[in-house]
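Coordinates in review
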Amino acid sequence: MVFLTIPSGETLSVDVNPSTTTVSAFEQWAHRCIGIPPPLLRRSLRLRNPSLLCGDSPDSGSVFLSELGVGRFATVVVHVPLFGGTQGAAPPKPRLEFLNSKPPQNYVAGLGRGATGFTTRSDIGPARAAPDLPDRSAAAVAAPGAGRGRGKPGEEDEDEEGDEKGYDENQKFDEFEGNDAGLFSNAEYDEDDKEADAIWEAIDKRMDSRRKDRREAKLKEEIEKYRASNPKITEQFADLKRKLYTLSADEWESIPEIGDYSLRNKKKRFESFVPVPDTLLEKARQEKEHVTALDPKSRSAGGTETPWSQTPVTDLTAVGEGRGTVLSLKLDRLSDSVSGLTVVDPKGYLTDLKSMKITSDAEISDIKKARLLLKSVTQTNPKHPPGWIAAARLEEVAGKIQAARQLIQRGCEECPKNEDVWLEACRLASPDDAKAVIARGVKLIPNSVKLWLHAAKLEHDSVNKSRVLRKGLEHIPDSVRLWKAVVELANEEDARILLHRAVECCPLHVELWLALARLETYDNAKKVLNRAREKLPKEPAIWITAAKLEEANGNTAMVGKIIERGIRTLQREGVDIDRESWMKEAEAAERAGSVATCQAIIKNTIGVGVEEEDRKRTWVADAEECKKRGSIETARAIYAHALTVFLTKKGIWRRAAELEKSHGTRESLDALLRKAVTYVPQAEVLWLMGAKEKWLAGDVPAARAILQEAYAAIPNSEEIWLAAFKLEFENKEPERARMLLAKARERGGTERVWMKSAIVERELGNVEEERRLLDEALKRFPAFFKLWLMVGQLEERLGHLEQAKKAYESGLKSCPNCIPLWLSLAKLEEKVNGLNKARATLTMARKKNPQTAELWLAAIRVELRHGNKKEAEHLMSKALQECPNSGILWAADIEMAPRPRRKMKSIDAMKKCDHDPHVIAAVAKLFWQDMKVDKARSWLKRAVTLAPDVGDFWALYYKFELQHGSDENQKEVLANCAVAEPKYGEKWQPIAKAVENAHQTVEVILKKVVVALGREENAAE
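Since the model is a prediction, treat every value here as computed from it, not as a measurement.

**What about the overall build of the protein chain?**
- A tally of helices and strands in the protein chain yields 53 helices and five strands.
- For the protein chain, the proportion of its 1021 residues judged to be buried stands at 33%.
- Of all intrachain contacts in the protein chain linking residues separated by at least 6 positions in sequence, the fraction that spans at least 24 positions is 51%.

Structural data, given as C-alpha cells:
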C-alpha cells in the first residue's frame, strides 16, 4: 500500500506493491482514478531519483517504484508547477549592512528598548563547547590569506604556542583533576561510559561497606566517651531528682528560695525625682473636700446625675488599673467566644446598649454623633418605630433616662399602632407608670398578643394576671398563646372549662385537644379525642394519645387495634407514614410508661419503607441503636417483631437473648431461650446460653437437663459435650466429667476432647493416665500443638528436662510455625544449657517465622535477664524495623528506655500504633510513675476497654486502684473484670492454668496476678 497526496491536499491510499508496480502502471492508475496527468506524476517521481527517470525515455516507464525509494506505506506528493513557466529559485535576500559590521564599543543589545535585566544562555555559555563557525564579518572576508577553518589572522601564533604546551593556559583549572578536566569535555557519554561508572560506583560502595561497621563502632565509642566526660546537668542530677518523691510536705516547705543574685539586679538603678505641680496637689485637695450643696448642673437634672466636670479623674493609678478591666468587660459584653472566634450579635445590639457605661471622652463624642444621626432619622421619617427605639436607648445609655422617656413617648404618639414602641415605653417607664402605658397601648392595639402578655406580666398575683389575660381573650379569642397562659394560671376544674372554650375557638390546635383529654375522665376523654379526630383527621398524635388512654385504663387489647386503625386512616387521608418519626414516638411512649403503645407502634410501622431483602439488617441495626439510647422496650419490641418474621434466624435469637441477659430478668431470658430452641433446635449457642444461665443461677440440675435436651437435639455436637464436661468439672465432679469425656472419646472425639481428658487426669493427679491419654492423642492428632505443650509441661513438672526437650523438638517437627512451642523450648534451653543455646534456638525460630514480635521480645528479655543491655537494645532496634506496628515491642521499648527518654519513646509508639492496648498500658504506667492519677486511670480504663480479655491489663488497673483509688473504684474494677472473664495475658495464663487455681474465681486469680506483679517490680528494683 502507498499513499498519494494530490494538489487539493487530500491523501489517498493506493493498494499497490512497490516492488512489482512500474512507474507507467502507477501513472495510468492515477490518471484513470484521480485524473492526474501522467507527466505531472512523472515529474514528482523524478524528484526522488533523477538518474533513473532522466527525460522522457521509454525505458523510464518500466522502472519499479521500489527502485525510486518508494516503499510500503510511503507517501508520494504530487507537485504542481507555477503557471507561466518554470521559475528559478528565488535569490537570497541580502543581509542588512549593520549585521555584517562590528558593533560599537560598549554596545548592549536590547538596552534601548528596555530588554535587559535577565540572564540567557548566551550570558553563561553553552553546556558543551560550540563548534568552530566561519566568521562572516566584513573584516574576515576582506582579510587576505584567511581561509575556512583557519581562524582570524593574528591568532595562529597563540594557537601554535598552545599546541606546543599541550594545554590551554586560559582553560579553567579544576582542583581535583588539574588541567586534564577538559580533555574529554567534547566526547559523547555513551553506554560504555555509563557501565564503567556504575562498576566503579559499586566498587566504591563495597569498599565503604567493609569499613562501615568499624567506622560506626568507633564513632559510637567516641560519642559515648565524650558524653561520659561531658555529662548534661539533667543527667548529673537525675538520681537526685528521682529521690525527691521521698521528701515529705514539711521538708518541701523548709527548702529556702533561691533568690535573684544576678549582676543585673545588683546594679544601682538611676532614680530621678520630680516635684509634684501645685495644680495637681490643689486638685487632689479639692476632691477630698466634703460638698454639702448641689452643683447648678446637678440641680437642673433633678439631682440624679453627676456632671462630667465633677468626676474625679486625677487618681491616675486608678485610671490605669481600670482601663484593662473596662476593655475586658466591654469585649465580654459585646462578643461571645465560639471555637476561638469572636461573634458579635447584631440582633442584640440595641438590647446591649442599656448595659453600656460611658468611660471616656471619646465615647461622649460618639454618643453626640449617634444622637445627631438618630435625630435626623426621627425627623425625616417619624413613622419609623426602630428609629424612636434606638434614640431612646441611646439616651438611656448616656444616663438621661428622662430624655429617653420623652423620646419614646413621642414615638408612641407618632407610631401608635406599633407594639414594639409600646413595649419599649413600658420598659423605660417607672413601675408605677408602666401599667398606665401598657393600658394605653392595648386600647390602641387591642389585637396585640405581646401587649396583653406583657400587661399580665406586670401584675403580681395570679388573679389579676388571669383577669388581664381573659380580657385579652375577649379581643383575641383565637390566640393560642393567651389560652395557654390563662390555662396555666387556673386550677384543674377551671382549666378544663377554659380548655372546652379554647378548643371551640382554636379547633385546629392539637395541643389544646390533648390537654383537655388529659384533664377529662376516661369516657369524656374518648369523646374529646373523637371530636379532635374529626377536626384534625391528619394528626397522628391524637391516635397515639388514644392508645395511651386505653393502656392507662387497662385496655391493652385495644392499644394495637387503635394504632393499626389510626395508621390506615392516616394513609387514607394521604399522610406519609415516616418510619423514623413513628419510632421516635415509640421511644417517647416508652419514656412515658406506655409500653404497650410503644410495642404497637413498632409492630405497625417498623416495616414501612423497608425492602424485603433489607429487613433483617435494618431491624437489627434499629434495635442496636435503640439499645444504645437506653430505649430497651423499643429494642425488645423490634426484636419481638423480627422474630415473628424470621423464626429460624439464630443471630436474631442470640441478640434478643443478649438484650434480655443485660436488661431483663432471669425468667424472661429463660422463657426466650426456651422459645428459641423450639424454633432453632440446631443452634448450639442458644442451648449453651440457657445452660450457663441456669448454672450461674445455682441451678445445676436444670443446667444438666438443658444439656441433655441439647444432646438429644444435636447428638454429635462437640460443644455440648465440652459444656457438660465443664459443668461437672467446675462443680467439682471429676468422676462425672471423666465419664462424659470417655463417652465423647468413644464416639470419635476431636483433639479438644482428648486435651480436656488429659486436663482432668492432671487435676486428679493421675500422671500415668495423663501420659497415656496424651500419647494416644498425639498418634491421632500430631498437628495439634497444645498436646505437645502438655507433654513437655508434664515432663518439666516431673523434672525430666531432657524428655521435655525431646517433646518440644518433636512438636516443632510437626508444627514448625507454632510460636508457643518455640518459646517453651527456648525457656527450657536457657534453664538447662544457658544463654548461648537459648539464643540459638530463638534465632532459628525467627528464621523460620519471620516478622513474629513474640520471638523478638523473648530474645530481648533473655539478653536482659543475663545483663546484656547493649545486645538487648540492638535486638530491639532490629525488631522494630522488622515489626514496626507491634504494640508489645513498643511497650517493651518504652520500659527499657531510660526515664528521660520514655516520653519521646511513647510518642513514637503512639504514632505507629495508636489503638494498641499494650502501648496504652505502657503510657498509663508513665502517668502512674509521674503521679498523674487521673490521666493514668483514664488510660488504664481505655486499655481494658480495647482488650477486655487480657487479664494483665485488669491486674494493672486493679493494682493502680489499690494504691490511688477508693473502695468503690476497686469494687467496680473487680465487677467489670468478672463480667469480662479474661483468658489471656503473659502473667494471667500461667496463674489461671495452674493446677491449684483450677476452680478459683476470676476475682481470686486477679488478686494473685496483682501479687505477682508486685513481686516482679520488687525484684526489678
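**A closer look at the packing of helix H18 (residues 419-428) against helix H19 (residues 431-444)**
- One can describe the packing of H18 onto H19 by two numbers: an axis separation of 8 Å at closest approach and a directional angle of 170 degrees. It follows from the interaxial angle that H18 and H19 lie roughly antiparallel. Facing Trp-422, Leu-423, Ala-425 and Cys-426 of H18, the residues of H19 in contact are Ala-434, Val-437, Ile-438, Arg-440, Gly-441 and Leu-444.
- Per-class residue counts for the contact of H18 with H19 are eight nonpolar, one polar and one charged.

**Points about the sheet that holds strand E1 (residues 2-5)**
- With mixed pairing, the three strands of this open sheet are ordered in space as E2-E1-E3. On the outer flanks of this sheet lie strand E2 (11-14) and strand E3 (75-77), each paired with one strand and no other. Sheet twist, expressed as the average angle between the axes of neighbouring strands with direction ignored, equals 25 degrees.
- Bridge analysis of E1 against E2 gives four bridges, and the strand direction is antiparallel. Its bridge partner being in E2, Val-2 is matched across the sheet by Val-14.

**As for unusual backbone geometry**
- Phi angles above zero are rare outside glycine, and Met-931 is one such case at about 60 degrees.
- Looking at the element boundaries, Met-931 is found in the loop between helix H48 (917-929) and helix H49 (933-946).
- We note that Glu-981 has phi near 50 degrees; this positive angle belongs to a residue other than glycine.
- Looking at the secondary structure, you find Glu-981 in the loop between helix H51 (967-980) and helix H52 (988-992).
- Judged by its relative accessible area of 36%, Glu-981 is partly exposed.

**Focus: the packing of aromatic side chains**
- Tallied over the full model, the rule gives five aromatic pairs.
- Between Phe-784 and Phe-785, the aromatic rings sit 6.3 Å apart at their centres with planes inclined by 50 degrees, giving tilted as the arrangement.
- Classification of Phe-784 as buried rests on a relative accessible area of 16%.
- A centroid spacing of 5.9 Å and a plane angle of 50 degrees characterise the contact between Phe-927 and Trp-939, whose relative ring orientation is tilted. Pair noted here: Phe-927 is in helix H48 and Trp-939 is in helix H49, with a separation of twelve residues, a long-range link. Considered together, Phe-927 and Trp-939 belong to a single accessibility category, that of buried residues.

**Examining a positive patch on the surface**
- On the surface, Arg-206, Arg-210, Arg-211 and Arg-214 cluster together into a positively charged patch.
- Exposure remark for Arg-214: the relative accessible area of 61% places this residue in the exposed category.

**Comments concerning the nonpolar core**
- Counting 118 residues, the largest nonpolar core has Trp-483, Ile-638 and Leu-686 as the members making the most contacts within it.
- In terms of residue count, helix H31 (residues 632-645) provides more of this core than any other element does, seven residues in total.
- The residues touching Trp-483, leaving out its near neighbours within four places in the chain, are Leu-473, Pro-477, Leu-498, Arg-501, Ala-502, Cys-505 and Cys-506.
- Counting 60 residues, the second largest nonpolar core, distinct from the first, contains Ala-909, Phe-927, Ala-936 and Val-973.

**Quick notes on helix H47 (residues 902-912)**
- If you check which residues of H47 are buried, you get Arg-902, Lys-905, Ser-906, Ala-909 and Met-910. Taken around the axis of H47, the buried residues stretch over an arc of 135 degrees, which confines them to a single face. Of the residues in H47, the exposed ones pointing more than 90 degrees away from the buried face are Lys-903 and Lys-911.
- The elements touched by buried residues of H47 are helix H46 (887-896), H48 and H49.

**Quick notes on the environment of Leu-423**
- Checked against the element boundaries, Leu-423 lands in helix H18.
- Among residues more than four places away in sequence, those in contact with Leu-423 are Ile-438, Lys-450, Leu-451 and His-454.

**Here we look at the pattern of salt bridges**
- In the structure shown here, the tally under the stated rule is 49 salt bridges.
- The partner of Glu-660 in a salt bridge is Arg-636, with the nearest N and O atoms 2.5 Å apart. A residue pair is termed long-range when its members are at least 10 positions apart, and Glu-660 in helix H32 (residues 650-663) and Arg-636 in helix H31 qualify at 24 residues.
- When its relative accessible area of 8% is taken as the criterion, Glu-660 is described as buried.
- A salt bridge links Glu-981 to Lys-692; its shortest N-O distance comes to 3.9 Å. One end of the pair, Glu-981, is in the loop between H51 and H52; the other, Lys-692, is in helix H34 (residues 684-696), with 289 residues separating them in the sequence.

**Some remarks on the environment of Ser-668**
- Mapped onto the elements of the fold, Ser-668 is located in helix H33 (residues 666-679).
- By relative accessible area, which is 25% here, Ser-668 ends up partly exposed.
- Between the alpha carbons of Ser-668 and Ala-657 there is a distance of 9.1 Å; along the sequence they are eleven residues apart.

**A short note on the side chain of Glu-863**
- Within the secondary structure, Glu-863 is located in helix H44 (residues 853-865).
- Here Glu-863 falls in the buried class, since its relative accessible area comes to 2%.

**Topic: the environment of Glu-733**
- Here Glu-733 lies in the loop between helix H36 (718-730) and helix H37 (734-746).
- Among residues more than four places away in sequence, those in contact with Glu-733 are Arg-704 and Glu-728.

**Brief notes about the state of the cysteines**
- Summed over the entire model, instances satisfying the criterion amount to zero disulfides.
- We note that Cys-505 lacks a disulfide partner, and the nearest cysteine sulfur, in Cys-506, lies 6.0 Å from it.
- The buried category is assigned to Cys-505, whose relative accessible area is 19%.

**Overview of H34**
- Under the 1.5 Å per step criterion, the end-to-end length of H34 is 18 Å for 13 residues, consistent within 8% with the ideal 18 Å.
- Every buried residue of H34 is accounted for by Leu-686, Trp-687, Met-689, Gly-690, Ala-691 and Glu-693.

**Side note on the side chain of Glu-830**
- For Glu-830, the position within the fold is in helix H42 (residues 819-833).
- A distance of 2.8 Å separates polar atoms of two side chains, one belonging to Glu-830 and the other to Arg-865.
- Not counting chain neighbours up to four residues away, the residues in contact with Glu-830 comprise Ala-838, Val-862, Arg-865 and His-866.

**Overview of the packing of H36 against helix H38 (residues 751-764)**
- Put simply, H36 and H38 touch, their axes get as near as 11 Å, and they point 10 degrees apart. One way to sum up the angle between H36 and H38 is to call them roughly parallel. Across from Glu-718, Glu-719, Leu-722, Phe-725 and Phe-729 in H36, the residues of H38 making contact are Arg-752, Val-753, Lys-756, Val-760 and Glu-763.
- Residues belonging to the contact of H36 with H38 are distributed by class as follows: five nonpolar, no polar and five charged.

**Description of a negative patch on the surface**
- A cluster of acidic residues, Glu-188, Asp-190, Glu-191, Asp-192, Asp-193, Glu-195 and Asp-197, forms a negative patch on the protein surface.
- Along the polypeptide, Glu-191 turns up in helix H6 (residues 191-229).

**Some thoughts on the pairing of E1**
- Here three bridges tie E1 to E3, and the two strands are oriented parallel to one another. In the strand pairing of E3, Phe-3 is matched with Thr-75.

**Overview of the confidence of the model for the protein chain**
- Of the residues in the protein chain, 78% reach a pLDDT of 70 or more, and the chain-wide mean stands at 78.
- In the model, residues 82-89 has pLDDT below 50 throughout and makes one contact with residues more than four positions away in sequence or in other chains.

What counts and what doesn't
- Residues numbered from 1 in each chain as written.
- Predicted model: local features only at pLDDT ≥ 70, side-chain atom pairs only at ≥ 80, totals over all residues.
- Heavy atoms only, no water.
- Helix = DSSP H or I, 4+ residues; strand = E, 2+ residues; numbered from the N terminus.
- Buried < 20%, exposed > 50% of the residue type's maximum accessible area, 1.4 Å probe, protein only.
- Contact = heavy atoms within 4.5 Å.
- Axes fitted to C-alpha atoms, helices over the stretch in contact; angles between N-to-C directions.
- Parallel < 35°, antiparallel > 145°, perpendicular 65-115°, else oblique.
- Nonpolar A, V, L, I, M, F, W, Y, C, P; charged D, E, K, R; others polar.
- Pairing = 2+ DSSP bridges.
- Phe/Tyr/Trp six-rings, centres within 6.5 Å; stacked < 30°, edge-to-face > 60°.
- Patch = residues over 30% accessible without salt bridge, like charges linked within 9 Å, V, L, I, M, F, W, Y side chains within 5 Å.
- Areas by Shrake-Rupley, 256 points an atom, 1.4 Å probe, with all protein chains shown as cover.
- Salt bridge = Lys/Arg side-chain N within 4 Å of Asp/Glu carboxyl O.
- Lys, Arg positive; Asp, Glu negative; His and termini not counted.
- Charge placed at Lys NZ, Arg CZ, Asp CG, Glu CD.
- Core = buried A, V, L, I, M, F, W, Y, C linked by side-chain atoms within 4.5 Å.
- Arc of directions from axis to C-beta.
- Disulfide = S-S within 2.5 Å.
- Expected span 1.5 Å × (residues − 1).
- Polar contact = N/O pair within 3.5 Å; in protein donor to acceptor, adjacent residues only side chain to side chain.
- pLDDT = per-residue confidence, 0-100.

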